[in-house]
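Observations on chain architecture
So the chains spell out like this:
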Amino acid sequence: MELGAARLLAVLLCLAPGLFISLDQPTLSIQKDVLTITANDTLNITCSGQRPLEWSWPSNQSSAEKRISVTDCSDGPYCKTLTLLKVIGNDTGDYRCLYRDNQAATTIYVYVQDYRSPFVTSVSDQLGIVYITKNKTVVVPCLGTVSNLNVSLHAKYPEKIFVPDGKSISWNNKKGFTIPSHLINYAGMVFCEAKIDDESYQSVIYIVAVVGYRIYDLTMNPHSQVELAVGEKLVLNCTVRTELNVGIDFKWDYPSIKEKRATIRDVKTTAGEIKKFVSTLTIDSVSLSDKGRYTCAASSGRMNMKNSSDFIIHESPFIHLERMENVIETRLGDTVKIPVKFKGYPSPEAKWYKNGKAINANHTVKLGYTLVITAAAERDAGNYTVVLTNPINKMQKRHTFALLVNVPPQIGENALMAPVDSYKYGSTQALTCTVYAVPPPTAILWHWQLEEECTFSPQKVRSGANPYACKKWKVISERKGGNQIEIKNRVVTIAGKTKTVSTLVIQAANVSALYRCMATNRAGSSERVISFHVTRGLEISLQPRNQLTEKDNMSLQCTADKFTFEKLSWYKLSTHVSQTPFGGLPMPVCKNLNALQKLNETVSNTNGENVTLELILRNISLQDGGDYVCIAQDKKAKTQHCLVKHLTVQEPTAPTLVGNLENQTTNVGETIEVSCTVNGIPPPIITWFKNNETLVEDSGAEEKTNLELIILVGTAVIAMFFWLLLVIILRTVKRVMKKFSYCPISTGLA
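Residues numbered from 1 in each chain as written. Predicted model: local features only at pLDDT ≥ 70, side-chain atom pairs only at ≥ 80, totals over all residues. Heavy atoms only, no water.

1. So, the packing of aromatic side chains
Aromatic ring pairs are described here by two measures, namely the spacing of the ring centres and the angle between the planes. The following threshold applies: Two aromatic rings from Phe, Tyr or Trp, using only the six-membered ring of Trp, form a pair when their centres are within 6.5 Å; if the ring planes differ by under 30 degrees the pair is stacked, by over 60 it is edge-to-face, and anything between is tilted. Whether a charge sits over a ring comes down to the Lys NZ or Arg CZ being within 6 Å of the ring centre and within 35 degrees of the ring normal.
Here the structure, examined in full by the defined rule, presents eight aromatic pairs. Aromatic ring contacts, followed pair by pair, group Tyr 254, Tyr 294 and Phe 311 into a single cluster. Taking NZ or CZ as reference, Lys 174 lies 4.6 Å from the ring centre of Tyr 109, over its face. The ring of Tyr 213 carries Arg 302 above its face, with NZ or CZ at 4.2 Å from the centroid.

2. A few points about the confidence of the model for the protein
Formally: The predictor rates its confidence in each residue with pLDDT, a number between 0 and 100. The criterion used for residue contact is that any of the two residues' heavy atoms lie within 4.5 Å.
Per-residue confidence for the protein gives a mean pLDDT of 85; residues scoring 70 or more make up 87%. Counting interchain partners and residues more than four positions distant, the pLDDT-below-50 stretch residues 1-21 has six contacts.

3. What about the pattern of salt bridges?
This is how the line gets drawn: Salt bridges are identified by distance alone: a Lys or Arg side-chain nitrogen within 4 Å of an Asp or Glu carboxyl oxygen. The helix count covers DSSP runs of H or I at least four residues long, the strand count covers runs of E at least two residues long, and both are numbered beginning at the N terminus.
All told, the structure shown has 15 salt bridges when counted by the stated rule. Put simply, Arg 522 and Glu 329 hold a salt bridge, and the shortest N to O gap is 2.8 Å. Highlighted residues: Arg 522 in the loop between β44 (513-521) and β45 (524-535) and Glu 329 in strand β27 (residues 327-331), separated in sequence by 193 residues.

4. Let's talk about the sheet that holds strand β14 (residues 176-180)
Note the following rule: Only strands that DSSP links by at least two bridges are regarded as paired with each other. Each axis is a line fitted through C-alpha atoms, taken for helices only over the stretch in contact, and angles between the N-to-C directions span 0 to 180 degrees.
What the three strands build is an open sheet, ordered β10-β14-β13; its pairing is antiparallel. Strands at the two margins of the open sheet, each flanked by one partner only, are β10 (137-140) and β13 (170-172). Mean inter-strand twist for the sheet, computed between neighbouring axes without regard to direction, equals 25°. Here β10 pairs with β14 via four bridges, running antiparallel. Among the inter-strand pairings, Thr 137 is bridged to a residue of β14, identified as Pro 180.

5. Section: the pairing of strand β28 (residues 336-339)
Where we set the bar: Relative accessibility under 20% of the residue-type maximum defines a buried residue, over 50% an exposed one, and the middle range a partly exposed one, all with a 1.4 Å probe and only protein chains included.
Only one face of β28 is buried, namely the one carrying Val 336 and Ile 338, since none of Lys 337 and Pro 339 on the opposite face is buried. Here β28 runs beside strand β33 (residues 370-373); their pairing, made up of four bridges, is antiparallel. Within β33, the position partnered with Ile 338 by the bridge is Leu 371.

6. Observations concerning the state of the cysteines
Operational definition: Working definition: a disulfide is two cysteine sulfur atoms within 2.5 Å of each other.
Inspection of every chain in the model, using the stated rule, returns seven disulfides. For Cys 73, the disulfide goes to Cys 79, at an S-S distance of 1.4 Å. Like Cys 73, the residue Cys 79 is buried in the burial classification. Cys 142 shares a disulfide with Cys 192; S-S distance 1.9 Å. Of note, the bridge from Cys 142 to Cys 192 carries an S-S torsion of about -50° and is left-handed in sense. Taken together, the residues span a long stretch of sequence, with Cys 142 in the loop between β10 and β11 (151-156) and Cys 192 in strand β15 (residues 189-196) at a distance of 50 residues. The pair formed by Cys 142 and Cys 192 is uniform in burial state, with each residue classed as buried.

7. Here we look at the pairing of strand β8 (residues 105-113)
In terms of residue burial, β8 counts as a mostly covered element, since seven of its nine residues are buried. As judged from the five bridges shared by strand β2 (residues 34-38) and β8, these two strands associate in the parallel manner. Residue pairing in the sheet places Val 34 in a bridge with Tyr 109 of β8. Count of turn residues in the strand β7 (residues 93-99)/β8 antiparallel hairpin: five residues, of which Gln 103 carries a positive phi of about 65°.

8. Considering a nonpolar patch on the surface
Using the following cut-off: Here, patches come from residues exposed beyond 30% relative accessible area and free of salt bridges, joined within 9 Å for like charges and within 5 Å for nonpolar side chains (Val, Leu, Ile, Met, Phe, Trp, Tyr). Computed by Shrake-Rupley with a 1.4 Å probe, the accessible areas treat only the displayed protein chains as cover when residues are assessed.
Residues Leu 661, Ile 672, Val 674, Ile 686, Trp 688 and Leu 695 make up a contiguous nonpolar surface patch of about 530 Å² in total accessible area. Topologically, Leu 661 is positioned in the loop between β56 (653-658) and β57 (677-681). A relative accessible area of 57% places Leu 661 in the exposed class.

9. Here's the deal with the side chain of Thr 46
This is how the line gets drawn: The definition of a polar contact used here is a pair of N or O atoms within 3.5 Å, where within protein one atom must be able to donate a hydrogen and the other to accept one, and adjacent residues in sequence count solely through side-chain atom pairs.
By the secondary structure assignment, Thr 46 is in strand β3 (residues 43-48). A polar side-chain atom of Thr 46 sits 3.1 Å from a polar atom in the side chain of Thr 81. Sequence-distant contacts of Thr 46, that is, excluding residues within four places in its chain, are made with Thr 27, Leu 28, Ser 29, Trp 55, Cys 73, Asp 75, Cys 79, Lys 80 and Thr 81.

10. Observations regarding the environment of Lys 480
Structurally, the position occupied by Lys 480 is in the loop between β41 (474-475) and β42 (485-494). A residue is classified by how much of its surface remains accessible, and Lys 480, at 75% relative accessible area, is exposed. Excluding anything up to four places from it in sequence, Lys 480 contacts Trp 448 and Lys 474.

11. Some words on unusual backbone geometry
The linkage connecting Val 438 with the following residue, Pro 439, adopts the cis geometry, with an omega of -10°. Summarising the element assignment, Pro 439 is placed in the loop between β37 (429-438) and β38 (443-450). Of note, the amide linkage connecting Gln 543 to Pro 544 takes the cis form, showing an omega dihedral of -5°. Assignment of secondary structure puts Pro 544 in the loop between β46 (538-543) and β47 (548-549). In this model, Asn 355 sits at a positive phi of 50°, which is unusual for a non-glycine residue.

Okay, here's the thing in structure tokens:
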């Protein structure tokens, strides 16, 4: 492969030699890298090559242009001779002969020895500048016309002298004096000094300028995408922050730079260790041609940065609403965000209204181009209207959002305390689930399962979870082995809220079971599990049956079948337990036996097949109200059965009349009714008075009896009168009939 490539290259060289350029360097007549000559001598160097040549030489302000010449020579077509007359020390430096086409060159360094002027550019009336940067070495360019000078560096003020140490401080006749910058950054000026035959010679004096280069950042203000309308003023600031002793050169590029429509002003300030440069570009009245990208570039010499801003120019101010939803739905308690989608210039003012009334921001409502409502409540539902107003031409655009706050189903009975979970055998019972939901529940479904197929976990109640676990719930229509039921649903309004009441009617409580109602809408679902324990041969009765008030005496009788139950006991549920549900769920009384306090004020007696345990409370107080529990043990199964009776004790209140009695006028014989409405606990006893005399219910009956007697007598007299009249009429008719009975009748027979 390599042999074939070499042959191809050889063929091409033979066929087209002009296509290839030699890489050989030009040849000098003096075959040295360094040439030393004496001042006032003439320098002659001839350069030969294969293509057009040119020379370059040092530019040390030595007026060499008047003394130097480059001429063609006779050695060939490509030959140049450089001649420099009366050389001086400042002519020291590199002399290069190079090809014009590819810059291949040959260099010779020429020393012009002038012991009266051993440093290049040692002109007394000129000053040089040495720039010092942090943490860098600096080179003082005091080049020598003699290679082996003994050079030191002098710094002022204060005055210090530095000599080469072979490490960090050195002098090179072609480069100058090298020294760490921190050694001379205090100085105002430096110069090099050489001693020749006990004579001292100084270089040019160099001003020490401590400079930085680091640019910390470059920012544009305004940044990113900026919008303006035709005729408005464009002002763009380009800000650069640098370290101290830094100079910045700004350059701008923008769409209308050729027309020079912008004016630029640069300022600089210093604050502490930071230097700030600001370049401001201004266009007093923008046109559509000014849209586009504006770029600011900053340079410190050794470091560059740039940044850009884009400008959009509109013909006139405007507002345009984009397509948005009309109905927003959220869930109770969630955070809802309603963004306003629009395009407009300048940025419009946004005002929000709810149901036509202006709203203000607060800890749950934040306004702006996005309406944010945290922890949405039902009261937050409504029509929200945003009105956008252009601040220049007062153009307005509006959009209305209908916010719906969906409420997951809430079953009111779940919040009730101490639910009854034991029911009398054979009784008719109604289990209810009162559901509030927005939107209304799509369905309320009932399920059931036999009690023995389910378990109860008190720990789950305390954590707020459903404490009942059933292997499999049965649909309510599957009635085999269960109670006969009927389901009724109705819609009611309670405290201004529309609720759905689903009632499960158990026609005869025969089987212990668990019933579950489940309500669902698009916001979620909820359930209530009801323990329906049927107790046979165990019941509670209360004496007296009317409403209990303070200082009453009362008794609770727990009656049980003595052949089925034994060990009857009375308990009361602790007050603090009955008032505080665990985790938001009520604990069934008969499942919370640890919270029961045993009562000893009991009397037991047996009557036939029943045994009764009576709890007697005298002079009761408000604290005696609560849940009373009778527990009996099944003789065979040794399981406990419980019944609950909730007692409410009211505080007595004095009777108060509702309304006033009014005078009445009536006719004799008419019935009148006078009502007296009274409030009070216990129900007041009402006494009536007539002319300051107490009315007794019997006297009223006597007056009624007398009235009835008068009516009976009058009726008898009238009846007798009509009876006599009837007798007279009948007798008169009889006489007339007797007279006509003797008339002969002719038949016409012979």
